[in-house]
Amino acid sequence: MLSSLPPGGLAIVIGATGGIGAALLQQLQSDAAFADVIGLSRTSEPPLDLLDEASIAAAARYVTSRAADQNMPVRLIIDATGSLHSNGHQPEKSWQQLDPVNMAQSFAINAIGPALLMKHFLPLFPRQGKAVFATLSAKVGSIGDNRLGGWYSYRASKAALNQLVHTAAIELRRRQPLALCVALHPGTVHTALSAPFAKTGLDVVTPTESARRLLAVLEGLNADDSGGFFNHDGSVLPW
Ligand SMILES: NC(=O)c1ccc[n+]([C@@H]2O[C@H](COP(=O)([O-])OP(=O)(O)OC[C@H]3O[C@@H](n4cnc5c(N)ncnc54)[C@H](OP(=O)(O)O)[C@@H]3O)[C@@H](O)[C@H]2O)c1
């Protein structure tokens, strides 16, 4: 149970159709800390598409009115969206495979979309008490940890996401001192995103286990941790 958050609030999972997002939604729905849990995705009602800012704004208005109707402050927002490969586009092994259209798509989904989520959802947090916005980044977005190279667009878009999280956290702190904005690495998790790259020997966890670990990390964070980049075991990752 997320007992560090004031009880009776509203939790939101964006990307609730994804492997990790669905597991987070399921665990939050059985967490007594929350009065209600909303899952948003491209197929939810209302739909939320990261490539369509109007849909993000409409989803935030929907959450605002539901929170007001039932007198539930928004306490937790987890962004579990993201893209590593799509439409036949695979992560680059060499600079020779760099393609501006595919790069722009990675940035649109992994960095710009989550930034728009911050724009429309961070203002929903109450002025008082702990509240958390967490976005799923990736350890491969760490520049300090990059020893293997490759995956240019995914790495760079997640590095950009990390910078956006850190920047938004500074602004958030001025408005809501107890609210957090953080980036999380979920581990290597068995989902559609990771399946094409699964190798034996990698420490792969189930979405259920990853979700359990991520919620435990959020439970242990406090306002001083806002703006940070955390591994699924709670340790701090290098930028
Ligand atoms: N799996 C891993 O090993 C791993 C490792 C490190 C980091 N991560 C990160 O963890 C996050 C979740 O990954 P996952 O493994 O759960 O992937 P997944 O199963 O492929 O889920 C991706 C989610 O992103 C959503 N999405 C994609 N494009 C979208 C758009 N334009 N608008 C709204 N939603 C969109 C998908 O929605 P639809 O259902 O509508 O397509 C889906 O809900 C990602 O940020 C990923 O980079 C995962």
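Computed from a prediction, not measured in an experiment: that's the story for all the values here.

**Student:** Whenever I open this one, the sheet that holds strand β2 (residues 34-40) confuses me. Can you help?
**Tutor:** Strand pairing in a sheet relies on backbone hydrogen bonds. The paired strands run either parallel or antiparallel. Strand order in the open sheet formed by 6 strands is β2-β1-β3-β4-β5-β8, with parallel pairing between adjacent strands. Of all the strands in the sheet, just β2 and β8 (229-230) have a single pairing partner and so form its edges. Inspection of the sheet shows strand β4 (residues 131-136) paired to strand β5 (residues 179-184) by 6 bridges, in the parallel sense. Opposite alanine 134, over in β5, you have valine 182 as the bridge partner. Against the sheet, helix α1 (residues 19-29) contacts β1 (9-14), β2, β3 (74-79) and β4, and its axis sits at roughly 160° relative to β2. The strands touched by helix α2 (residues 53-69) within the sheet are β1, β2 and β3, with β2 carrying the most contacts at an inclination of about 165°.

**Student:** Please clarify how the pattern of salt bridges should be interpreted in this entry.
**Tutor:** Side chains that differ in charge, positive against negative, can pair when their charged atoms come close. Following the criterion strictly, the structure yields 6 salt bridges and no others. Here arginine 175 and glutamate 171 are joined by a salt bridge, their closest N and O atoms 3.4 Å apart. Here glutamate 171 and arginine 175 lie together in helix α4 (residues 152-175), a separation of 4 residues that amounts to about one turn. In this structure, the salt-bridge partner of arginine 213 is glutamate 209, at a minimum N-O distance of 2.8 Å. Placement of both arginine 213 and glutamate 209 in helix α5 (residues 207-220) is noted, with a separation of 4 residues, approximately one turn of the helix. Assessed through its relative accessible area of 22%, arginine 213 is described here as partly exposed. In the salt-bridge network here, residues are joined through shared partners; they are Glu209, Arg212 and Arg213.

Basis of the calculations
- Residues numbered from 1 in each chain as written.
- Predicted model: local features only at pLDDT ≥ 70, side-chain atom pairs only at ≥ 80, totals over all residues.
- Heavy atoms only, no water.
- Pairing = 2+ DSSP bridges.
- Helix = DSSP H or I, 4+ residues; strand = E, 2+ residues; numbered from the N terminus.
- Contact = heavy atoms within 4.5 Å.
- Axes fitted to C-alpha atoms, helices over the stretch in contact; angles between N-to-C directions.
- Salt bridge = Lys/Arg side-chain N within 4 Å of Asp/Glu carboxyl O.
- Buried < 20%, exposed > 50% of the residue type's maximum accessible area, 1.4 Å probe, protein only.

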